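# Structural overview
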Amino acid sequence: MSNVLTKHEPDSAFSNPGLPPHKHRLSDLDEKAAKRAERQVAGLFTISILAAIAGLVGYFLFPAGQTLLGIRLGTTVLGLGLGLGMLGIGLGAVHWAKSLMSDVEVVDERHELKSDEETRAAAVEKINAGIKDSNIARRQLLKGTLLGALVLAPLTFVLPLVGNLSSTWNFRVLTKTAWRNTPTGAMGRRLATDPEGRLIRAADVTNNSVFHVIPHDLGNLPGEDHYLEEKAKAMVLLVRIEPSELNTSAGREDWNYHGIIAFSKVCTHVGCPVSLYEQSTKHLLCPCHQSTFDLADEAKVIFGPAKRALPQLPISVDDEGYLIATSDFHEPVGPSYWERLK
Ligand code: FES
């Protein structure tokens, strides 16, 4: 005999077994067990609150950008706060649903995938019934702790985000770099090789040689507490080109020293460090999206998505023959949209 149904066999061959009898949970039958579950859920939400507070305290205690240890501690504490904050909310919500919300089986007959006013009204009614079912209005402890957890946990990622937006994304930060700081009595901030920190004599810069440069003694003058941030903004590429090959516009005649020129290494597209210099063409290439700058022509863009020339650092030499910056950049370094905000 075949087990396969033919279309002539009546549907009644399958009888609807219906739902198994509903089993009540302990928390449904015993108010003490319900209270215990409520305290457990509240405990999980409280763990979330405490973790979020610890994360936020860590964020303010170990501000990023000062020391490597500070960055590590700050990100670790913040990450733990964020993780435990979210975990507490998640576990609390699951435990709440499993032990305190109604678990009565409900059968909802399938209907046309079309909703009319009546259906929508019924849906709203069901949602309201669900809210009522969750007993949130009656269980004030749960309501309070859940609210606290939901408010505090997101702060662990919102605050750092806002902090970054207000500092890194503030274009005014990019209008000033450490090159503006001149040690007392000096003619200008000396240039030093990166990472060695060696001073550079003009006589040592031969034609077509390339130096990666930062301000000498960076981090030790007032206002230079955030070393990494200051370094990122002040990075410069120094090259020497035959003066007769340089195209210099009016007002910039004294920005180079016998063909030694210095330009910001922060790409004016979206800020990658430009560093691939081709001696024969005098072109400087950004590895990120291939913007190409012509150093012989004031680092103007000759190819790629960048819209603005690299800012030039005016340089000269001091009494001892060391290269110095005679001023800061004359425009913001970095992506060109900062400039448009001026
Ligand atoms: S960041 Fe340099 S080309 Fe895009």
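Placed above this text is the structure.
What comes next is a walk through the structure. (Residues numbered from 1 in each chain as written. Predicted model: local features only at pLDDT ≥ 70, side-chain atom pairs only at ≥ 80, totals over all residues. Heavy atoms only, no water.)

## Considering the overall build of the protein
- Within the protein one finds eight helices and ten strands.
- Per-residue burial over the protein gives 36% buried out of 342 residues.
- Across the protein, the fraction of contacts at a sequence separation of at least 24, relative to all contacts at a separation of at least 6, is 63%.
- Just so you have it, the protein exposes about 20500 Å², and 60% of that area is on carbon and sulfur atoms. (Helix = DSSP H or I, 4+ residues; strand = E, 2+ residues; numbered from the N terminus. Buried < 20%, exposed > 50% of the residue type's maximum accessible area, 1.4 Å probe, protein only. Contact = heavy atoms within 4.5 Å. Areas by Shrake-Rupley, 256 points an atom, 1.4 Å probe, with all protein chains shown as cover.)

## Observations concerning the nonpolar core
- Judged by nonpolar contacts, the single largest core of 22 residues is most densely connected at Trp179, Leu191, Ile200, Val213, Leu238, Leu313 and Leu323.
- Looking at this core, the elements with two or more residues in it are strand E2 (210-215), strand E3 (236-240), strand E4 (260-264), strand E9 (315-317) and strand E10 (323-325).
- Leucine 191 has contacts with Trp179, Arg198, Leu199, Ile200, Val213, Ile214, Leu238, Ile315, Leu323, Ile324 and Ala325, leaving out every residue within four places of it along the chain.
- Counting residues in hydrophobic clusters, the runner-up holds 18 residues, among them Leu237, Val239, Ile241 and Leu284. (Core = buried A, V, L, I, M, F, W, Y, C linked by side-chain atoms within 4.5 Å.)

## Let's talk about the pairing of strand E1 (residues 189-193)
- Across the five residues of E1, four count as buried, placing the element largely inside the fold.
- Bridge analysis of E1 against E10 gives two bridges, and the strand direction is antiparallel. The residue bridging arginine 189 from the neighbouring strand is alanine 325, located in E10.
- Pairing analysis gives three bridges linking E1 to E2, with the strands arranged antiparallel. For leucine 191, the partnering residue across the bridge sits in E2 and is proline 215. (Pairing = 2+ DSSP bridges.)

The analysis is restricted to geometry; functional conclusions fall outside its scope.
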